[in-house]
Amino acid sequence: MKETAGDVASSGGAGIPPTEPPRATLTRMLMGQAVARALYVAARLGIADLLAGGPRPVDELAEAVGADAGALARLLRALAGSGVFAEVAPGRFGLTPLGDCLREDRPDSARPAAILYGEEYSWALDGLLKSVRTGAPAFEHVGGASFFAYLEQYPEVGARFDRNMSSRNAARNAAVSTTYDFEGITTLVDVGGGEGALLQAVLAEFPALQGILFDLPPVIERARRSSDQALHGRLELVAGDAFVSVPTGADAYLLAWVLHDWDDERALAILRGVRRVIPRGGRLLVVEEVLPPGDVPSPTRLLDLLMLTLVGGKERTEEEFRELLAAAGFALSRIIPTTVGVSVIEARPIG
Ligand code: SAH
């Protein structure tokens, strides 16, 4: 029997509860924006940090952050409805496990993400209509520069972005360093490695490995301050521009969440730069989310819209990765999925 659009919706396709009328589903989706804004404001004001010691009355919180007590109560009540805070007594709020994750001092803190989503990422996504019409990243109109140039211009935002990468990726880094077998590699260059959290996780897991962290100068400057002293002697930090050249003398290159920041032409330029210096028999490891086939619920498909509007990059399917790698002179040899959504795409130089 031929399946109709109605059948798909009523079967709960794409994560839609089967009993919810379409109009209600759409309203719920649209209101997602209000939840994101509320999370942003709570994060910006640092509410979760103020509640770290236990529940407090809203008047006290309002006083501490310089807010209107009535409006702040409404904000926290709205978020309590989403499970982020709990109103333990009238006008008295405490943390839930979700709220606790907004605390700045947790290694996996979502506070940098909430602030980025409320500021720069919002400016980008606000321009989605423009990006869909033109295919160009809308962020450049409001930010006045490409996103990475903007991060160099505003070091405070740059530091927040680096921190978001590290805190967001704690589980990913553990999954990659334990799923992929780095044995047999002598020196691994992490191109666009940010603060180096992934490379450091890999080095900790494979004691014979030498690592080179490569990123733009301000990022490497920050990484120098935060890198793990225990890895001293095994971790070299190199500043540069991957579009100009990447460090030589290594037998493996890692690109984690780098290719998705660029369109095919720019991604190819980075890959060709690696191809020029990688030895015969070397390994290229691309850590990315691979777009799944079929109409399945997929955070990667939404991340793809952020990539479109923020940086002009894109998420890719397996076939797209294969073609991109081939165009740069690499043969995709394996895709190794991890338990956290990202995959390690392994490729070897051809010829
Ligand atoms: N690999 C890290 C960070 C990914 S974000 C992780 O997975 O957590 C993309 C990184 O690319 C950022 O750290 C950014 O500073 C870096 N980057 C952007 N343009 C670059 C360039 N031209 N040369 C080198 N690195 C660059």
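Preceding block: the structure.
Calculation notes
Residues numbered from 1 in each chain as written. Predicted model: local features only at pLDDT ≥ 70, side-chain atom pairs only at ≥ 80, totals over all residues. Heavy atoms only, no water. Pairing = 2+ DSSP bridges. Helix = DSSP H or I, 4+ residues; strand = E, 2+ residues; numbered from the N terminus. Axes fitted to C-alpha atoms, helices over the stretch in contact; angles between N-to-C directions. Salt bridge = Lys/Arg side-chain N within 4 Å of Asp/Glu carboxyl O. Buried < 20%, exposed > 50% of the residue type's maximum accessible area, 1.4 Å probe, protein only. Phe/Tyr/Trp six-rings, centres within 6.5 Å; stacked < 30°, edge-to-face > 60°. Lys NZ or Arg CZ within 6 Å of the ring centre and 35° of its normal. Right-handed = clockwise from strand over helix to strand, strands pointing away. Polar contact = N/O pair within 3.5 Å; in protein donor to acceptor, adjacent residues only side chain to side chain. Contact = heavy atoms within 4.5 Å. Near = heavy atom within 4 Å. Areas by Shrake-Rupley, 256 points an atom, 1.4 Å probe, with all protein chains shown as cover. Nonpolar A, V, L, I, M, F, W, Y, C, P; charged D, E, K, R; others polar. Expected span 1.5 Å × (residues − 1). Parallel < 35°, antiparallel > 145°, perpendicular 65-115°, else oblique. Left-handed = near helix turned anticlockwise from the far one by under 90°. Patch = residues over 30% accessible without salt bridge, like charges linked within 9 Å, V, L, I, M, F, W, Y side chains within 5 Å.

**Student:** Please provide a residue-by-residue account of the sheet that holds strand S1 (residues 56–57), values included.
**Tutor:** Pairing in this open sheet of 3 strands is antiparallel, and the strands run S1-S3-S2 from one edge to the other. Both outer strands of the open sheet, S1 and strand S2 (85–89), are each paired with one neighbouring strand and no more. Pairing geometry for S2 and strand S3 (residues 92–95), over 4 bridges, is antiparallel. What sits directly across from glutamate 87, in S3, is phenylalanine 93.

**Student:** So what about the sheet that holds strand S5 (residues 210–215)? Which residues, and what values?
**Tutor:** The 7 strands are arranged S6-S5-S4-S7-S8-S10-S9 in an open sheet whose pairing can be described as mixed. The sheet is open, and its two borders are formed by strand S6 (235–239) and strand S9 (330–337), each paired with just one other strand. Between one strand axis and the next, the sheet turns by 20° as a mean value, whatever way the strands run. As defined by bridge partners, S5 adjoins S6 across 5 bridges and the pair is classed as parallel. Bridge assignment links glycine 211 to a residue of S6, and that residue is leucine 235.

**Student:** With reference to specific residues and values, describe the pattern of salt bridges.
**Tutor:** Counting across every chain of the model gives 18 salt bridges. One salt bridge in this structure joins arginine 111 and glutamate 104, with 2.7 Å as the shortest N-O distance. Note on glutamate 104: relative accessible area 28%, which makes it partly exposed. Where arginine 301 meets aspartate 295, a salt bridge forms, and the shortest distance between an N and an O atom there is 3.9 Å. In this structure arginine 301 comes out as partly exposed when scored by relative accessible area, which is 31%. It is possible to trace a salt-bridge network through shared partners that takes in Asp100, Arg103, Asp105, Arg106 and Asp108.

**Student:** If you had to explain the packing of aromatic side chains to someone new, which residues and values would you point to?
**Tutor:** Here the structure, examined in full by the defined rule, presents 14 aromatic pairs. The rings of Tyr117, Tyr121, Trp123, Phe139, Phe147, Phe148, Tyr150, Tyr154, Phe161, Phe243 and Trp262 are connected pair by pair, giving a single aromatic cluster. Just above the ring of phenylalanine 243 sits the side chain of arginine 266; from NZ or CZ to the centre is 4.0 Å.

**Student:** Describe the pairing of S5, and please don't skip the residues or the numbers.
**Tutor:** A large share of S5 lies buried, amounting to 5 of its 6 residues. Two elements, strand S4 (residues 187–191) and S5, share 5 bridges in a ladder whose sense is parallel. Looking across to S5, one finds that valine 191 is bridged to phenylalanine 214. With helix H14 (residues 197–205) bridging S4 and its parallel neighbour S5, the resulting β-α-β unit is right-handed. Between the parallel pair S5 and S6, the chain is carried across by helix H15 (residues 217–226), and the sense of this crossover is right-handed.

**Student:** Break down the side chain of threonine 309 for me, citing the residues and quoting the values.
**Tutor:** When you line up the elements, threonine 309 lands in helix H17 (residues 299–310). Within the structure, the side chain of threonine 309 is placed 3.0 Å from the backbone oxygen of leucine 305, a separation counted as a polar contact. When sequence neighbours within four positions are dropped, the list of residues in contact with threonine 309 reads Ala124, Leu125, Leu128, Ser131, Pro137, Ala138 and Phe139.

**Student:** Please provide a residue-by-residue account of the site of the ligand, values included.
**Tutor:** Near the ligand, the surroundings consist of 19 residues, among which Gly192, Asp215, Asp241, Ala242 and Ala256 are the closest. In the environment of the ligand, an oxygen atom lies 3.1 Å from a nitrogen or oxygen atom belonging to the side chain of asparagine 169. Surface burial for the ligand is 93%, taken as the share of its 570 Å² of free accessible area covered by protein chains. A breakdown of the residues in the shell around the ligand according to their chemical character gives 10 nonpolar, 5 polar and 4 charged.

**Student:** With reference to specific residues and values, describe helix H12 (residues 155–168).
**Tutor:** Spanning 14 residues, H12 covers 19 Å between terminal C-alpha atoms, matching the ideal 20 Å at 1.5 Å per step. Looking at H12, one finds that the buried residues are Val157, Gly158, Arg160, Phe161, Asp162, Asn164, Ser166 and Ser167.

**Student:** Provide a residue-level description of the packing of helix H13 (residues 170–179) against H14, including the pertinent values.
**Tutor:** Contact pair H13 / H14: the axes reach a minimum separation of 9 Å and the direction vectors enclose 40°. In terms of orientation, H13 lies oblique with respect to H14. Every pair of crossing elements has a handedness; the one defined by H13 and H14 is right-handed. The residues of H14 that touch H13, namely those facing Arg172, Asn173, Val176, Ser177 and Thr178, are Ala197, Leu198, Ala201, Val202 and Glu205. A breakdown of the residues in the contact of H13 with H14 according to their chemical character gives 5 nonpolar, 3 polar and 2 charged.

**Student:** Can you lay out unusual backbone geometry for me, pointing to particular residues and giving the numbers?
**Tutor:** Backbone geometry at tryptophan 257 places phi at a positive 50°, although glycine is not the residue there. With respect to the secondary-structure elements, tryptophan 257 resides in the loop between strand S7 (252–256) and helix H16 (264–277). Its relative accessible area of 7% is what places tryptophan 257 among the buried residues.

**Student:** If you had to explain the environment of tyrosine 121 to someone new, which residues and values would you point to?
**Tutor:** With respect to the helices, strands and loops of the structure, tyrosine 121 is situated in helix H8 (residues 120–126). Here tyrosine 121 is in contact with Leu116, Phe147, Phe161, Asn164, Leu306 and Leu310, once residues within four sequence places are set aside.

**Student:** With reference to specific residues and values, describe a nonpolar patch on the surface.
**Tutor:** A cluster of nonpolar side chains, namely Tyr117, Leu125, Leu302 and Leu305, defines an oily patch on the protein surface of about 360 Å² accessible area. The residue leucine 125 is located in helix H8 in this model.

Purely spatial values, then, with no claim about function.
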